[in-house]
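# Close look at the chain arrangement
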Amino acid sequence: MRIILLGPPGSGKGTQGDLIARRYGFPKISTGDLLREAIQKQTPLGKRAESLVQQGQLVSDDIVEEMVKERISGADCRKGYILDGFPRTLSQAKALERMDGRRPEIVIDMHVAAPIVLDRLRQRQVCVECKAIYNTHLHKPRKENVCDICQGKLVQREDDSSAVVRERLKIYEEQTAKLKDYYLQKNVLKMIDGSGNVESIFQKIGALLDEELAKYPEKKNGR
Ligand code: AMP
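Residues numbered from 1 in each chain as written. Predicted model: local features only at pLDDT ≥ 70, side-chain atom pairs only at ≥ 80, totals over all residues. Heavy atoms only, no water.

### Overview of the overall build of the protein
- Regarding its fold elements, the protein presents nine helices and eight strands.
- For 223 residues, the compact-globule estimate of 2.2 N^0.38 gives 17 Å, and the C-alpha radius of gyration of the protein, at 17 Å, lies within 12% of that figure.
- In terms of overall dimensions, the protein has C-alpha extents of about 45 × 35 × 35 Å along its principal axes.
- By the burial criterion, 47% of the 223 residues in the protein qualify as buried.
- Contacts spanning at least 24 positions in sequence make up 70% of the contacts within the protein whose residues lie at least 6 apart.
- Total accessible area computed for the protein in this model is approximately 11,700 Å², and 50% of it derives from carbon and sulfur atoms.
- Averaged over its 39 positive side-chain charges, the protein has a centre that lies 2 Å from the centre of its 32 negative ones. (Helix = DSSP H or I, 4+ residues; strand = E, 2+ residues; numbered from the N terminus. Rg over C-alpha atoms; globule rule 2.2 N^0.38 Å. Buried < 20%, exposed > 50% of the residue type's maximum accessible area, 1.4 Å probe, protein only. Contact = heavy atoms within 4.5 Å. Areas by Shrake-Rupley, 256 points an atom, 1.4 Å probe, with all protein chains shown as cover. Lys, Arg positive; Asp, Glu negative; His and termini not counted. Charge placed at Lys NZ, Arg CZ, Asp CG, Glu CD.)

### Side note on the packing of helix α2 (residues 31-40) against helix α4 (residues 61-72)
- With their axes 11 Å apart at the nearest point, α2 and α4 run at an angle of 100° to one another. By the angle class used here, α2 and α4 are roughly perpendicular. Of the residues in α4, those in contact with Thr-31, Leu-34 and Leu-35 of α2 are Val-64, Met-67 and Val-68.
- By residue class, the composition of the contact of α2 with α4 is five nonpolar, one polar and no charged. (Axes fitted to C-alpha atoms, helices over the stretch in contact; angles between N-to-C directions. Parallel < 35°, antiparallel > 145°, perpendicular 65-115°, else oblique. Nonpolar A, V, L, I, M, F, W, Y, C, P; charged D, E, K, R; others polar.)

### What to know about the side chain of Arg-2
- When you line up the elements, Arg-2 lands in strand β1 (residues 2-6).
- Accessibility expressed as a relative area gives 7% for Arg-2, which makes it buried.
- With residues near it in sequence (within four places) discarded, Arg-2 still touches Gly-80, Tyr-81, Asp-100, Arg-102, Arg-103, Pro-104, Glu-105 and Ile-106.

### Here's the deal with the packing of α4 against helix α5 (residues 90-100)
- At their nearest, the axes of α4 and α5 sit 10 Å apart, and the two run at 30° to each other. Put simply, α4 runs roughly parallel to α5. Our pair here, α4 against α5, has a crossing hand that is right-handed. For the pair α4 and α5, the contacting residues are Asp-61, Val-64, Glu-65, Val-68, Lys-69 and Ile-72 in the first and Ser-91, Gln-92, Ala-95, Leu-96, Met-99 and Asp-100 in the second.
- Here the contact of α4 with α5 is composed, by residue class, of six nonpolar, two polar and four charged. (Left-handed = near helix turned anticlockwise from the far one by under 90°.)

### Points about the site of the ligand
- Lining the immediate surroundings of the ligand are 16 residues, of which Thr-31, Gln-57, Gly-85, Arg-88 and Gln-92 lie closest.
- Contact distances for the ligand include 3.0 Å between an oxygen atom and a side-chain N or O atom of Arg-157.
- Among the elements that line the shell around the ligand, the one with the most residues is α2, at four residues.
- Residue composition of the shell around the ligand, by class: six nonpolar, five polar and five charged. (Near = heavy atom within 4 Å. Polar contact = N/O pair within 3.5 Å; in protein donor to acceptor, adjacent residues only side chain to side chain.)

Here it is in structure tokens:
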């Protein structure tokens, strides 16, 4: 099953994407993680993307489309995948259908009000090694600044600083939010309130995915 998680920065796409991956076995693909890795390794693509990511601007469609095309052609994506942070523009949404030959089965729009999103981003920490996501108030690591899973160092993302966050939210409203209409017309959009706690949101998402999977008994999950 091909799952797209839609929602502003801080709406919980990464956290819920990890939980979906663990329960259903589909790989989670985060274009933000792929870009940050390319920047860290200073690959040619990473160098092109670096200043845009730092400023909270979108990287050009051709760069991310190429990245996703390569990633979803991997054997582990044969039965499906979870996209976190892609598509972000109409052009990317159309490119995804061209590269995959099909539309996604389910697009989950995670609605969270702006003040909550701002708090979450201020409190977010990520593991530099395994990319696990924490919140210094709501989902604390057992040991401060240390990842529970791999003991990697936890840091705040540079683009989670308040000036850049405002730019990212503005771009979301201007460019990405219109994808809701696009997927509504394709009859694949499901909306959920993403403002509760992690477990209750995952319960709602799980119910939606189970309902969708029941339509395709032969593809129970990604395993
Ligand atoms: P994220 O981790 O999804 O918040 O993404 C972090 C940053 O990576 C964004 O602010 C953009 O600069 C860049 N980025 C991630 N995904 C995309 C995309 N689909 N299109 C363009 N830029 C992206």
